[in-house]
Amino acid sequence: MHGRPRKASKPEEEAASAAKAVKLRSLQSQFMTNHHDKIYTNEAIELSTKLLEINPEAYTAWNYRKLAVEDCLSRIESDPNLVNSILDEELRVVESALRQNFKSYGAWHHRKWVLSKGHSSIGDELKLLDKFQRLDSRNFHAWNYRRFVVELTNRSEQDELHYTDDMINNNFSNYSAWHNRSVLLSSLLAQNADGFMPNERIPDEYDLVHSAIFTDPDDQSGWFYHLWLLDQTLNVETPLLTSSWPSHGSTVSLSGAGCLNGSSSKFTTFCSESGSFPLILYFDQAVGGVSSSTVTTDSELKGNGDLVWEPISYKNSQVSCVWVTHLKYVSSDPCEYKVKIRVGNSPGIVSSRGHNFSAPYEFVFTAHVHDTVKDSQEGIVSWTDGFDIWDAKSKDLNSLITLDQLEAEIDFKWRQEAIDSEVECFGILSDSKIGKLTLARLLMAREAMVSDDAVKGVRYEEILQLYNDLMALDSSHYQYYKDEHSVAFLHKVTSSSESLSRHLFRYRGMNNLVCLRLNNLSLSRIASVEKLLFVQMLDLSHNELHSTEGLEAMQLLSCLNLSHNRIRSFSALDSLRHVKQLKVLDVSHNHIGKHSVDTTRYLCSSPLSNSEWSPDDVGRQNPGLVTKYWDAYFVLRDLNLKQLDIAGNEISGNEFSSFVLQIVPKLVWLDGQKLGN
């Protein structure tokens, strides 16, 4: 382990080991008898001491000693000297055990427990730690215990930071020292302590870590710290509104269920059986507290008093990046309405890290309410015909989405300067794997800060080439690089209206739906959905996707093509349960049911094991099929699909198709065939 080769044991070593095992079994037998009978005599406690001298990992023996100490303390009078004597003995036993095994979890936890009793002096603990850390300066148990001891003393975080300076200067490869430094700096930066403003301190930290990286580029410790620094450079503690739908200045055409004659290609057309349309807010980090008091609506649309906001989260959390509510309208009352939304005028929106939303934002859009003049169509949706190419020269896209809300809120000057300096610095290390990866991350960070349309997106080709190089150089991490390549590509696509328009179409068959075609691109991961909230039809076919994570934000999505991907189970489609507008879903020619042991199913535990789950009619009539296909059952039953394609999967067949018809009773088309009544 850790590069140390195993050596064959000598005969005398094997004999000594066998004798030690015999002694250990004898001690364990006697000890367990004492423990079971709750015997806490001096002789019994001494027996546990001998056991721990041989095996410091005997966790039960440490717990026994806790019980013995509590018993002794309960029987003596309040004599401080006697109490300290008992606790000091425990510290001596721990120290002896640590000399046997410096990485004994039980020993370190027991020492914490003794100190937490509050009777023993902690003055010598840092000296003892210094002695241990000279033997193994990277031992994370000792560093963890050091943080515990420092909290019990008046030693300042600045003093501890100086200590990490000494340890790092002594050994650049001390990962634990770098980690402790990140813990200390996180606290000092959060406090805005004197001399620890991010724009002043973080550039100095880059200089420090450069010394480690350029001294030994093959050592990972400095690289990990550099990655943490990059996160601190990009991290904006205050949550911000990244995008919304409808966006500022946009126009939405609304009607009841059905189609509109001559619906304008300039607007998003939204047809609803329920007479409501979604209002979506997308934040740059998970937040809570979005409500009718923190987000106000000024509109003449009737029936929209106190709106109920819901977080869109597949983990059922009350914090999320995406929040949605629904505005009601009456399709029989055609008119034009202005809607004004104010976000954050009142306090209450708070990030999961406890930071308040403090950048109020206001946007206004127009809602055109129309009569439904044609009956709802039940024709099959084609993914090959009926598409009109988007006019890249038109300004229509600007009325659908605002791509630069975030940039106007933050001063990125010092962050940009820091990133630019790092890009220049690491260009010379781009021949190594870690150098290429770091440079790709830096360039992605720089692109995220660019607000000038003239230079936005110019580095993405370089980023994509770096990830291509990494996939060729490092096959063991191929999938990670592949995912990052997909993220970079989607950022490139959404970096400007011009690049995005190359993938946009209008689908004539359904009110000129806005269609985004990202097929045949070898995508393995979904990203940049905050810039795609307006998309109603999405073609992701012929890619390498394993899940739909991220699509839950796209609340307008009514048609989705996932055919010819690498989806292995319906659990991978769990995020679609939140997309209530979805009517057309194509998951044909995937790998669903192909693998006899599909680990992705265990990432989403079966709700059938939840005592709060109560079966519906399908569950009562076909409990065996619900158990067999539980992931499909819980995903599909929450959708209101009219068209579904599952052919080409191992799971498809008469039994599953029949089960699907019970789960989705409103289904009209299955695998290209129209269903009878």
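Here, every reference points to the structure presented above.
Only a predicted model underlies this, so the values are computations on that prediction, with no experimental measurement involved. (Residues numbered from 1 in each chain as written. Predicted model: local features only at pLDDT ≥ 70, side-chain atom pairs only at ≥ 80, totals over all residues. Heavy atoms only, no water.)

Asker: For unusual backbone geometry, give the residues involved together with the corresponding values.
Answerer: Cis geometry is found at the peptide bond from Trp245 to Pro246, where omega equals -5°. One non-glycine residue, Ser528, lies in positive phi territory at about 60°. The backbone of His564 sits at a positive phi, close to 55°, despite the residue not being glycine. Turning to its location among the elements, His564 is positioned in the loop between β15 (559-561) and β16 (584-586). (Helix = DSSP H or I, 4+ residues; strand = E, 2+ residues; numbered from the N terminus.)

Asker: Provide a residue-level description of the packing of aromatic side chains, including the pertinent values.
Answerer: Evaluation of the coordinates by the stated rule reveals 27 aromatic pairs. Aromatic side chains Tyr40 and Tyr64 sit 5.5 Å apart centroid to centroid with 40° between the ring planes, which places their arrangement in the tilted category. Placement of the pair is Tyr40 in the loop between α1 (11-36) and α2 (42-54) and Tyr64 in helix α3 (residues 59-75), with a sequence separation of 24 residues. A relative accessible area of 15% places Tyr40 in the buried class. Measuring from centroid to centroid gives 6.2 Å for Trp108 and Phe132, while their planes differ by 70°, and the two rings are edge-to-face. Taken together, the residues Trp108 in helix α5 (residues 105-116) and Phe132 in helix α6 (residues 125-135) connect sequence positions 24 residues apart. (Phe/Tyr/Trp six-rings, centres within 6.5 Å; stacked < 30°, edge-to-face > 60°. Buried < 20%, exposed > 50% of the residue type's maximum accessible area, 1.4 Å probe, protein only.)

Asker: Account for the sheet that holds strand β2 (residues 251-255), with residues named and values stated.
Answerer: Spatial strand order, β3-β2-β10-β8-β5: five strands in an open sheet with mixed pairing. The sheet is open, and its two edges are formed by β3 (268-271) and β5 (295-299), each paired on a single side. Going from strand to strand, the sheet's axes swing by 25° on average, the running direction of each strand aside. (Pairing = 2+ DSSP bridges. Axes fitted to C-alpha atoms, helices over the stretch in contact; angles between N-to-C directions.)

Asker: Can you lay out the pairing of β2 for me, pointing to particular residues and giving the numbers?
Answerer: Most of β2 is tucked away, with five of its five residues classed as buried. Side chains of β2 alternate between two faces, with Thr251, Ser253 and Ser255 and Val252 and Leu254 buried alike. Direction of pairing for β2 relative to strand β10 (residues 361-369): parallel, over a ladder of four bridges. Considered in β10, the bridge of Leu254 is made with Val369. Two strands pair when backbone bridges link them, and β2 and β3 are joined in this way by four bridges, in the parallel orientation. Bridged to Leu254 within β3 is Phe270.

Asker: Describe the sheet that holds β15, listing the residues and the values that go with them.
Answerer: Strand order in the open sheet formed by nine strands is β11-β12-β13-β14-β15-β16-β17-β18-β19, and the pairing between neighbours is mixed. Edge strands, defined here as strands with exactly one partner in the open sheet, are β11 (387-389) and β19 (673-674). Pairing analysis gives four bridges linking strand β12 (residues 504-507) to strand β13 (residues 513-517), with the strands arranged antiparallel. Each bridged residue has a counterpart across the sheet, and for Leu504 the counterpart in β13 is Leu516.

Asker: Which residues make up the packing of helix α14 (residues 460-473) against helix α15 (residues 478-493), and what are the values?
Answerer: Where α14 contacts α15, the axes come no closer than 9 Å and their chain directions differ by 165°. Considering the angle they form, α14 stands roughly antiparallel to α15. α15 is crossed by α14, and the crossing has left-handed handedness. Contact residues: α14 offers Tyr460, Glu461, Ile463, Leu464, Tyr467, Asn468, Leu470 and Met471, while α15 offers Tyr478, Tyr481, Lys482, Glu484, His485, Ala488, Phe489, His491 and Lys492. (Parallel < 35°, antiparallel > 145°, perpendicular 65-115°, else oblique. Left-handed = near helix turned anticlockwise from the far one by under 90°. Contact = heavy atoms within 4.5 Å.)

Asker: Account for the side chain of Lys436, with residues named and values stated.
Answerer: On the secondary structure map, Lys436 appears in helix α13 (residues 433-449). With a relative accessible area of 12%, Lys436 lands in the buried category. Polar side-chain contacts of Lys436 include one of 3.4 Å to the side chain of Asp469. (Polar contact = N/O pair within 3.5 Å; in protein donor to acceptor, adjacent residues only side chain to side chain.)

Asker: Explain the side chain of Thr494 residue by residue, including any values.
Answerer: Residue position: Thr494 is located in the loop between α15 and α16 (497-501). Here Thr494 falls in the buried class, since its relative accessible area comes to 2%. Side chain to side chain, Thr494 and Ser528 meet in a polar contact 3.4 Å long.

Asker: Tell me about α6, and name the residues and values.
Answerer: Where α6 is concerned, the buried positions are Glu125, Leu126, Leu128, Leu129, Phe132 and Gln133. Each buried residue of α6 sits inside an arc of 150° when the element is viewed along its axis, so together they form one side. Of the exposed residues in α6, the ones pointing more than 90 degrees away from its buried face are Lys127 and Arg134. Where α6 is buried, its residues touch α4 (80-100), α5, α7 (140-152) and α8 (157-170). (Arc of directions from axis to C-beta.)

Asker: Residue-level account of the pattern of salt bridges, with values.
Answerer: By the definition in use, this model includes 25 salt bridges. Between Glu70 and Lys117 there is a salt bridge whose closest N-O contact spans 2.9 Å. You can see Glu70 sitting in helix α3 and its partner Lys117 sitting in the loop between α5 and α6, a full 47 residues away along the chain. The partly exposed category is assigned to Glu70, whose relative accessible area is 37%. Here the salt bridges do not stand alone but share partners, grouping Asp130, Arg146, Arg155 and Glu160 into one network. (Salt bridge = Lys/Arg side-chain N within 4 Å of Asp/Glu carboxyl O.)

Asker: Pulling in residues and values, what's your account of the state of the cysteines?
Answerer: Counted under the stated rule, the structure contains zero disulfides. Cysteine Cys515 remains unbridged, with the sulfur of Cys559 as its closest cysteine sulfur at 8.3 Å. We classify Cys515 as buried; its relative accessible area is 0%. (Disulfide = S-S within 2.5 Å.)

Asker: How would you summarise the pairing of β10 if you had to cite specific residues and measurements?
Answerer: Extensive coverage of β10 is indicated by the burial of seven of its nine residues. Here strand β8 (residues 335-343) pairs with β10 via nine bridges, running antiparallel. Across the sheet, residue Ile341 finds its bridge partner in β10, namely Phe363.

Asker: Just give me the short version of helix α12 (residues 413-426), but keep the residues and values in it.
Answerer: Taking 1.5 Å of rise per residue, the 14 residues of α12 would be expected to cover 20 Å, and the 20 Å separating its terminal C-alpha atoms lies within 8% of that figure. Along α12, the residues that are buried comprise Trp414, Arg415, Ala418, Ile419, Glu422, Val423 and Phe426. Residues of α12 that are buried make contact with α10 (198-215), α11 (220-234) and α13. (Expected span 1.5 Å × (residues − 1).)

Asker: Explain the environment of Arg155 residue by residue, including any values.
Answerer: Position of Arg155 among the secondary structure elements: in the loop between α7 and α8. A relative accessible area of 29% places Arg155 in the partly exposed class. Excluding anything up to four places from it in sequence, Arg155 contacts Leu126, Arg146, Val150, Glu160 and Tyr163. A distance of 2.4 Å separates the side chain of Arg155 from the side chain of Glu160, its partner in a polar contact.

Asker: So, a nonpolar patch on the surface: which residues are in play, and what are the values?
Answerer: On the surface, a nonpolar cluster with roughly 330 Å² of combined accessible area is contributed by Tyr59, Tyr105 and Phe140. For Phe140, the location among the structural elements is in helix α7. (Patch = residues over 30% accessible without salt bridge, like charges linked within 9 Å, V, L, I, M, F, W, Y side chains within 5 Å. Areas by Shrake-Rupley, 256 points an atom, 1.4 Å probe, with all protein chains shown as cover.)

Asker: Hey, could you go over the nonpolar core for me, with residue numbers and the actual values?
Answerer: Buried together is how nonpolar side chains tend to be arranged in soluble globular proteins. Residues Phe283, Val343, Leu538, Leu540, Leu560 and Leu636 are the most contacted members of the largest nonpolar core, which totals 144 residues. Considering every element that reaches this core, the biggest residue donor is α13, with eight residues. If you look at the next biggest cluster of nonpolar residues, it comprises 41 residues, including Val94, Phe102, Leu128 and Leu129. (Core = buried A, V, L, I, M, F, W, Y, C linked by side-chain atoms within 4.5 Å.)

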